[in-house]
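# Descriptive structure summary
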Amino acid sequence: MNKKLITALVAVAAVLALSFCLAACGDDGTQPGGGEGGEGGSIAHKISITAPDDVEVTTSATSASAGITITVKVVVPSWKIVTFVTAADVNIVKDEAASAGSTSVYTFTMPDRDVELNVETMDSGASVDEDDGLKWVAAPEQIAPGEYSSATYEVDFGGSVIATTDVDGNLSGVKISSTDQDVIPDEAIDGAHRIGDSAVTGGATFTVDLTKVSLGATTLVFEDSRGRTIAKYVQVVEHGKVDPGYIFNTSMFVEFAFDEGDLTLGADVDPDKLLVLVSINDDDWVDGTDPALGAKEYTQSRFLLSDSGTKSMGLSYIQGHRYRVTASLWTYTNDYETDMDLSQVTGNKLVLGEHIAGGGNSVKNDDDGTSWLTIVGYSGTVTLKIYAE
C-alpha cells in the first residue's frame, strides 16, 4: 500500500478518536453530567442532612461519586447526645478516636446514588447551670401534673440589665423551649417576666403550667438576648412522687426581744393569752412532693408570750430551697391545749432580726423587710430573734 495513503488513514483515525473523546467527556475528563468524578469516573451524587435545629452537622463534601470516603461531624449542645447517624443501606461508622465531648465524627463510603443523612439525638440528662453569669436561681428537677398549679423557675442575669417587653409582657429576646414537646409542650411555658417593676432587672421568672404536662423527661432551655444559654433536665413524675432533693431535719431557737409592755393592746386582749406564731414558708416548694419525705410547704409553731422557757422549733429543710420567715401576734379563746380559736392582734408588727450562726446558717433581711432563713450546716442551729415595732 502507498505510504502516503497509510499515513492519511492513521491521521483520520486519530482525529475520529479525539472527536469521540471530546463528545463523550467533559473538559475536565469527568463523565457527562459534571460532578467530581472518582473511581471509574462515576457521576457525583448529592448528600443531604436531616437533623434537629439545635444540632450542627457538617460533611467533608456536599456531593461525591461512588467510592469516595465522606466524613460527618456532628456537634450537639451539652444537654444532648447523638444516638444515631443513619442513611438508607449505608454503613456509617463512628470514629471514636476523632470524637470528643459534644463533637462526634462518623465516616461512610459514598454509594452510587444520592444520600440523605439522618441525625437523631436524645437528652443527655445533664443540666447547664451557668453560662457567663446567666444561672439558675430556682429550677425544680422534678415536677408533677396538677389540676390547678404551676411550677416556677427563676434565673439570674449576673448583673442588672435593661428589660424591654413584648406585647404580651414577656422579656424581649428571651427564648424558652422544651426538647420534648410530648412531656412539656411550649404552650405550657409562660414567657420570662422581669423581677420587680422597674425597667432594670437582675433576673427573670417563668412558670410551667402543670395542667399541660405529661409523664416523662425533657430539658428546658433558657436563652437570653445575649445568646447565653442554660438548661435544666426535668422529670415529670406522678403527683405525690416528687423528690425535691436532699432533705435534713434541723432546729432553730426562738427568742423574744420584746414583752407585753412594748405592745399596743386593746382592752379586750388578755395578756396571758398572747401567742407568737412563727411561720416558715418554702418559696421553692414543688407541688406534688412526696409527703412521706417529711418536708412541708409551710411550717408553723406557736409560743406563749408569757413563756419564759427555752423555745425552739424544727424544720425539714430541703437543701438549696429558699425559706421566708414571718412572726405575728395572736390571741386565743377557749382552751390552749384542745379547742383553741385564734384571732390576730392588730396594731402591732413583729419583725425578725438578722442573725448569722456557725456553718453559714443565718437569718437575713431584704431591703423590703422580708426575712430569709438559710441552713447550710444541718448540725448547727440558728436563732430566730423577734422584735416588736
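Residues numbered from 1 in each chain as written. Predicted model: local features only at pLDDT ≥ 70, side-chain atom pairs only at ≥ 80, totals over all residues. Heavy atoms only, no water.

### As for the layout of surface pockets
Rolling a probe over the atoms, with the probe sized like a water molecule, indicates the empty space that remains. A volume near 450 Å³ is recorded for the largest pocket. Lining the largest pocket are 26 residues, and of these Ala139, Pro140, Asp284, Val286 and His321 lie nearest its centre. By residue number, the principal contributor to the lining of the largest pocket is strand E12 (residues 150-162), which donates four residues. (1 Å grid on protein atoms, 1.4 Å probe; cavity = no way out; pocket = protein on both sides within 12 Å on 5 of 7 lines; lining within 4 Å. Points joined across faces, edges and corners; volume = space filled by probe spheres on them. Helix = DSSP H or I, 4+ residues; strand = E, 2+ residues; numbered from the N terminus.)

### Examining the environment of Thr370
Mapped onto the fold, Thr370 is located in the loop between strand E26 (362-365) and strand E27 (371-374). Note on Thr370: relative accessible area 22%, which makes it partly exposed. Once the C-alpha coordinates of Thr370 and Arg324 are considered, the two residues, 46 residues apart in sequence, prove to be 7.1 Å apart. Residues in contact with Thr370, not counting those within four places in the same chain, are Arg324, Lys364 and Asn365. Within the local environment of Thr370, its side chain forms a polar contact with the side chain of Asp368, the two groups lying 2.9 Å apart. (Buried < 20%, exposed > 50% of the residue type's maximum accessible area, 1.4 Å probe, protein only. Contact = heavy atoms within 4.5 Å. Polar contact = N/O pair within 3.5 Å; in protein donor to acceptor, adjacent residues only side chain to side chain.)

### Describing the pattern of salt bridges
The full count for this structure, using the stated rule, is nine salt bridges. Residues Lys80 and Asp54 are paired through a salt bridge, measuring 2.9 Å at the closest nitrogen-oxygen approach. Taken together, the residues span a long stretch of sequence, with Lys80 in strand E5 (residues 80-86) and Asp54 in the loop between strand E1 (45-50) and strand E2 (56-59) at a distance of 26 residues. Of the residues examined, Asp54 reaches a relative accessible area of 35% and is grouped as partly exposed. In this structure, Glu154 and Arg322 form a salt bridge, with 3.2 Å as the shortest nitrogen-oxygen distance. Residue Glu154 is found in strand E12, and its partner Arg322 is found in the loop between strand E21 (311-318) and strand E22 (323-333); the two are separated by 168 residues along the sequence. Overall, Glu154 belongs to the buried group, its relative accessible area being 15%. (Salt bridge = Lys/Arg side-chain N within 4 Å of Asp/Glu carboxyl O.)

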